[in-house]
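Observations on the three-dimensional arrangement
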Amino acid sequence: MRRIGIGLIGFGTVGQGVARLLSANAEMIAARLGATVALQRIALRDPARARNPSVESLGVPVTTDWRDVVDDRDVRVVCEVIGGLDPARELMMAAIRNGKHVVTANKHLLAEHGDEIFSAADNAGVEVHFEAAVAGGLPIIRTIREGLVADRIDALWGIVNGTSNFILTRMEQAGTAFADVLREAQAAGYAEADPTLDIEGIDAAHKIALLASLAFATRIRPGQVFTRGVSIVEAADLAWAARFGFRVKHLAIAKDHGDAIEVRVHPTLIPREWLLASVSGVLNAVYIRSRALGPSLYYGHGAGGDATAVALLGDIIDACRSLLAFRHAPARPTEVAPRPVREMGDVECRYYLRLACSDQPGVLARVAGALAAHDISIAEVVQERAADGQATLVLLTHRARERNMQAARGEIDRFDVVSQPARLLRIEE
Ligand SMILES: NC(=O)c1ccc[n+]([C@@H]2O[C@H](COP(=O)([O-])OP(=O)(O)OC[C@H]3O[C@@H](n4cnc5c(N)ncnc54)[C@H](OP(=O)(O)O)[C@@H]3O)[C@@H](O)[C@H]2O)c1
């Protein structure tokens, strides 16, 4: 049986998961593929570090220089799982130049440098696979690229950052403050020591940029995604949302309006009965609305060594199939027609607004007046007395334009009767 050599660059959480899964299922994979998939060489940084599986048990040559992997003639597929931009970009480009197919879990790299990497791969006649870059083990890229290839996707909504979803779930369950839950998530290994990419929504923006590019056959860059993270949410917002029949989720949203694409990432109030509202903890889900199929939902583990390895090894096997069939099936987002991304100011949705204000006559009228002046109408309102002559005013609006809402919010924040900047979240129904 033919043997195909795989070069693994990075042997951390995900790299070890790939090695474990390949060891456990090597025979089954060989039977399904008609060829043996074998680790040929592994690159890591610290050879002394304990791993599961240990490198000794694998009997595979190990190096601390990734060039040894990309220059190895017997490595036909390079799997990059070191993360970050450098040297991941340099090694991917080197592997492509050397005629290797590449498989990666690196959304940050593809979102920032996808153009360069995909066009280099096209020129070299090799493939770039990246199923693991969005929603870990969930086959969402394959679903868009293959399962729904004949359908037209109108919109998708994703919970694609497990850390953010864990934080919101715990804040809601325990009524705990954001900072405390973040510490809990870090202790449990669900959040990085530097959590910025996750809690500021940047990781989700990278992922929705990739998903929207594929779904709408255009090229969306992360800088075009309106991005807010879970760090703007307070436990009180979750409790208020529940009183109105909503749950707050960190959503990545992309909609095709024909003439323009709408793409945004932010904490969002969604109806409690919506399927996405039940996605808890570190789990991920992507809800797609396509014209012929209608709604479909993809739900499961978006991170973790074993779950992510399922996607990576699936991609490795796909690349091996290409080698066996000598086919070249580009796995890149193809741009059919460039389309503008709709300015956030032009986006319309409903809003949740929470105000800390003086408990005195006329406050609600002034707030309502400012909203009305910007063409925003109130759907529901609750006022609750707080301590020291203060009150909390929570309003849900009907659909309004973001530009108008930001202008009204600016005016309301300047009212002398309003003691803190208004807290504003968007609603998706
Ligand atoms: N963790 C997840 O659940 C998950 C899910 C989806 C996608 N991803 C993506 O998968 C990628 C890897 O994540 P991870 O969690 O596995 O990271 P990780 O645990 O930090 O592992 C990174 C590995 O890369 C090695 N490495 C770093 N720089 C290197 C260099 N210059 N040369 C050779 N090896 C180097 C490290 O070596 P040492 O071990 O010797 O330090 C380590 O083995 C990232 O792009 C991440 O976004 C991760």
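Above this text is the structure in question.
Before going into details, it helps to say that this report is about the structure given with it. (Residues numbered from 1 in each chain as written. Predicted model: local features only at pLDDT ≥ 70, side-chain atom pairs only at ≥ 80, totals over all residues. Heavy atoms only, no water.)

What follows is about the site of the ligand. Close to the ligand lie 22 residues, the nearest being Val14, Asp46, Arg49, Arg51 and Gly304. One of the backbone N or O atoms of Arg45 is found 2.9 Å from an oxygen atom in the ligand. Here the ligand has 890 Å² of accessible area as a free molecule, and 80% of this is covered by the chains. The residue inventory of the shell around the ligand, partitioned by class, reads ten nonpolar, seven polar and five charged. (Near = heavy atom within 4 Å. Polar contact = N/O pair within 3.5 Å; in protein donor to acceptor, adjacent residues only side chain to side chain. Areas by Shrake-Rupley, 256 points an atom, 1.4 Å probe, with all protein chains shown as cover. Nonpolar A, V, L, I, M, F, W, Y, C, P; charged D, E, K, R; others polar.)

Following Asn52, the chain continues into Pro53 via a peptide bond in cis, with omega recorded as 5°. Here the residue pair Asp86 and Pro87 is connected by a cis peptide bond, since its omega of 5° sits within 30 degrees of zero. Counting through the fold element by element, Pro87 comes out in the loop between β4 (75–80) and α4 (88–97). Even without a glycine there, the phi angle at Ala217 is positive, about 50°. Looking at where Ala217 falls in the secondary structure, it is placed in the loop between α10 (202–215) and β8 (226–227). (Helix = DSSP H or I, 4+ residues; strand = E, 2+ residues; numbered from the N terminus.)

What follows deals with the packing of aromatic side chains. Counted by the stated rule, this structure contains five aromatic pairs. Measuring from ring centre to ring centre gives 5.5 Å for Trp274 and Tyr287, while their planes differ by 75°; the resulting arrangement is edge-to-face. In this pair, Trp274 sits in the loop between β10 (261–271) and β11 (283–290) while Tyr287 sits in strand β11, placing the two residues 13 residues apart along the sequence. Of the two residues, Trp274 and Tyr287, neither departs from the other in class, the shared state being buried. An aromatic cluster of three or more residues is present, and its members are Trp157, Trp274 and Tyr287. The ring centre of Trp66 lies 4.3 Å from the NZ or CZ of Arg67, which sits over that ring. The residue whose ring lies beneath Arg366 is Phe415, and the NZ or CZ to ring-centre distance is 4.4 Å. (Phe/Tyr/Trp six-rings, centres within 6.5 Å; stacked < 30°, edge-to-face > 60°. Buried < 20%, exposed > 50% of the residue type's maximum accessible area, 1.4 Å probe, protein only. Lys NZ or Arg CZ within 6 Å of the ring centre and 35° of its normal.)

So, on to the pairing of strand β14 (residues 378–385). The pairing of β14 with strand β15 (residues 390–397) spans seven bridges and is antiparallel. Its bridge partner lying in β15, Arg385 is registered against Ala391. (Pairing = 2+ DSSP bridges.)

Quick look at a nonpolar patch on the surface now. On the surface, a cluster of nonpolar side chains totalling about 290 Å² of accessible area is made up of Leu275, Leu297 and Tyr299. Summarising the element assignment, Leu297 is placed in strand β12 (residues 294–301). (Patch = residues over 30% accessible without salt bridge, like charges linked within 9 Å, V, L, I, M, F, W, Y side chains within 5 Å. Salt bridge = Lys/Arg side-chain N within 4 Å of Asp/Glu carboxyl O.)

By the alternation rule, side chains of strand β5 (residues 101–104) split into His101 and Val103 and Val102 and Thr104, which are all buried. Handedness of the β-α-β unit built from β4, α4 and β5 comes out right-handed. Pairing geometry for β5 and strand β6 (residues 128–129), over two bridges, is parallel. Bridge assignment links Val102 to a residue of β6, and that residue is Val128. Remark: the β5/helix α5 (residues 107–124)/β6 crossover connection has right-handed handedness. (Right-handed = clockwise from strand over helix to strand, strands pointing away.)

With that settled, the discussion passes to the sheet that holds β4. Taken together, the six strands give an open sheet; going across it, the order is β3-β2-β1-β4-β5-β6, and neighbouring strands pair in parallel fashion. Strand pairing shows two members of the sheet lacking a second neighbour, β3 (62–63) and β6, which therefore form its edges.

On to the packing of helix α6 (residues 140–147) against helix α12 (residues 305–325). In contact at an axis separation of 11 Å, α6 and α12 are set at 40° when each is read in the N-to-C sense. Judged by the inter-axis angle, α6 sits oblique to α12. In contact with Arg142, Arg145 and Glu146 of α6, α12 contributes Gly314, Asp315 and Asp318. Looking at the contact of α6 with α12 residue by residue, the classes come out as no nonpolar, one polar and five charged. (Axes fitted to C-alpha atoms, helices over the stretch in contact; angles between N-to-C directions. Parallel < 35°, antiparallel > 145°, perpendicular 65-115°, else oblique. Contact = heavy atoms within 4.5 Å.)

The next point concerns the packing of α5 against α10. In contact at an axis separation of 9 Å, α5 and α10 are set at 60° when each is read in the N-to-C sense. Taken together, the axis directions place α5 and α10 in an arrangement best described as oblique. Our pair here, α5 against α10, has a crossing hand that is left-handed. Two secondary-structure elements touch here, α5 through Lys107, His108, Leu110, Ala111 and Glu112 and α10 through Asp203, His206, Lys207 and Leu210. Class assignment for the residues of the contact of α5 with α10 results in three nonpolar, two polar and four charged. (Left-handed = near helix turned anticlockwise from the far one by under 90°.)

To continue, consider the nonpolar core. Ranked by size, the top nonpolar core spans 56 residues in total, and within it Ile140, Ile144, Leu156 and Ile288 carry the most contacts. At nine residues, α10 tops the list of elements feeding residues into this core. Among all residues touching Leu156, those that are not within four sequence positions of it are Ile144, Ile208, Leu211, Ala215, Ala252, Ile253, Ala254, Tyr287 and Ile288. Counting 32 residues, the second largest nonpolar core, distinct from the first, contains Ile4, Leu8, Ile316 and Cys320. (Core = buried A, V, L, I, M, F, W, Y, C linked by side-chain atoms within 4.5 Å.)

A few words on the environment of Arg41. In this structure, Arg41 sits in strand β2 (residues 35–43). By relative accessible area, which is 24% here, Arg41 ends up partly exposed. Distance from Arg41 to Gly5, taken between C-alpha atoms, is 8.2 Å for residues 36 residues apart in sequence. Once you skip the residues sitting within four places of it in the chain, Arg41 turns out to touch Ile6, Gly7, Leu8, Val60, Pro61, Asp68, Val69 and Asp72.

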